[in-house]
Amino acid sequence: MERESSKKLTGRIRIDDTYLSGERTDGKRGRGYENKIPFVAAAQTDQAGQSQKLKLQLVDGFKKKSIKEWTEKSIDPNSLVVSDGLACFSEATKAPCVHEKHVCGGDRASVEKEEFYRVNTTLGNLKNALRSTLH
């Protein structure tokens with residue numbers, strides 16, 4: 001991870017917000033759960049949409065300042081950043097990158113959108129691996 005942290009993603013980058021969480025005992029779900037750990041997942045893809053590199057990074061929440069700092073460290077200037085329309089991802093334009101926004105909403109269909117299929121599949125696999133390992 002340390003070796004890769006200085007390398008920047010370049011070209012077409014698909015980016016998404018996600019959380020890791022511990023055990024739930026109070027039944028709360030979604031963003032309202034207080035013990036969630038926010039992190040950014042970004043996948044560099046080729047022209048055919050195949051993932052080439054993946055970068056996962058814990059962030060201090062999905063705030064504009066956090067995402068701007070992350071983008072400057074992690075993405076090469078003039079790359080194309082494709083996001084789901086979360087407001088803080090517009091900070092990628094200050095890196096400077098081109099930002100392509102696809103407003104998806106929060107339903108199941110948004111997870112299966114072609115633009116985010118690979119990054120969401122990777123996140124699902126990661127979470128399932130952690131859940132199984134720590135079970």
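Side note on the sheet that holds strand β4 (residues 80-83)
Reading across from one edge, β3-β2-β1-β4-β5 is the order of the five strands in this open sheet, with mixed pairing throughout. One side of each edge strand has no neighbouring strand; the edge strands of this open sheet are β3 (51-58) and β5 (98-101). For this sheet the average axis-to-axis angle between neighbouring strands, irrespective of direction, equals 25°. Across seven bridges, strand β2 (residues 37-45) lies against β3 in antiparallel orientation. Within β3, the residue paired with Ala-41 across the bridge is Leu-56.

Things to note about the side chain of His-99
Turning to its location among the elements, His-99 is positioned in strand β5. Here the side chain of His-99 touches Ser-83 through a polar contact of 2.6 Å, side chain to side chain. Those residues in contact with His-99, other than ones at most four positions away along the chain, are Val-81, Ser-83, Phe-89, Ser-90 and Thr-93.

Focus: helix α2 (residues 64-74)
Three or four residues apart is the spacing at which side chains of an α-helix point the same way, because the helix has 3.6 residues per turn. Among the residues making up α2, those that are buried are Ser-66, Ile-67, Trp-70, Thr-71 and Ser-74. Burial along α2 is one-sided: seen end-on, the buried residues are contained in an arc of 130°. For α2, exposure combined with an orientation more than 90 degrees from the buried face picks out Lys-65 and Lys-73. Residues of α2 that are buried make contact with β1 (12-20), β2 and β3.

A look at helix α4 (residues 117-133)
For α4, built from 17 residues, the straight-helix expectation of 24 Å at 1.5 Å per residue is met to within 8% by its first-to-last C-alpha distance of 24 Å. All of the buried residues along α4 are Val-119, Asn-120 and Leu-123. Buried residues of α4, seen end-on, are gathered within an arc of 95° and therefore sit on one face of the element. Turned more than 90 degrees away from the buried face of α4, the exposed residues are Ser-132 and Thr-133.

Remarks on the environment of Gly-11
For Gly-11, the location among the structural elements is in the loop between α1 (2-5) and β1. Separated by 36 residues in the primary sequence, Gly-11 and Gln-47 have C-alpha atoms spaced 9.3 Å apart. What Gly-11 contacts, discounting residues up to four positions off in sequence, is Ser-79 and Leu-80.

Calculation rules
- Residues numbered from 1 in each chain as written.
- Predicted model: local features only at pLDDT ≥ 70, side-chain atom pairs only at ≥ 80, totals over all residues.
- Heavy atoms only, no water.
- Pairing = 2+ DSSP bridges.
- Helix = DSSP H or I, 4+ residues; strand = E, 2+ residues; numbered from the N terminus.
- Axes fitted to C-alpha atoms, helices over the stretch in contact; angles between N-to-C directions.
- Polar contact = N/O pair within 3.5 Å; in protein donor to acceptor, adjacent residues only side chain to side chain.
- Contact = heavy atoms within 4.5 Å.
- Buried < 20%, exposed > 50% of the residue type's maximum accessible area, 1.4 Å probe, protein only.
- Arc of directions from axis to C-beta.
- Expected span 1.5 Å × (residues − 1).

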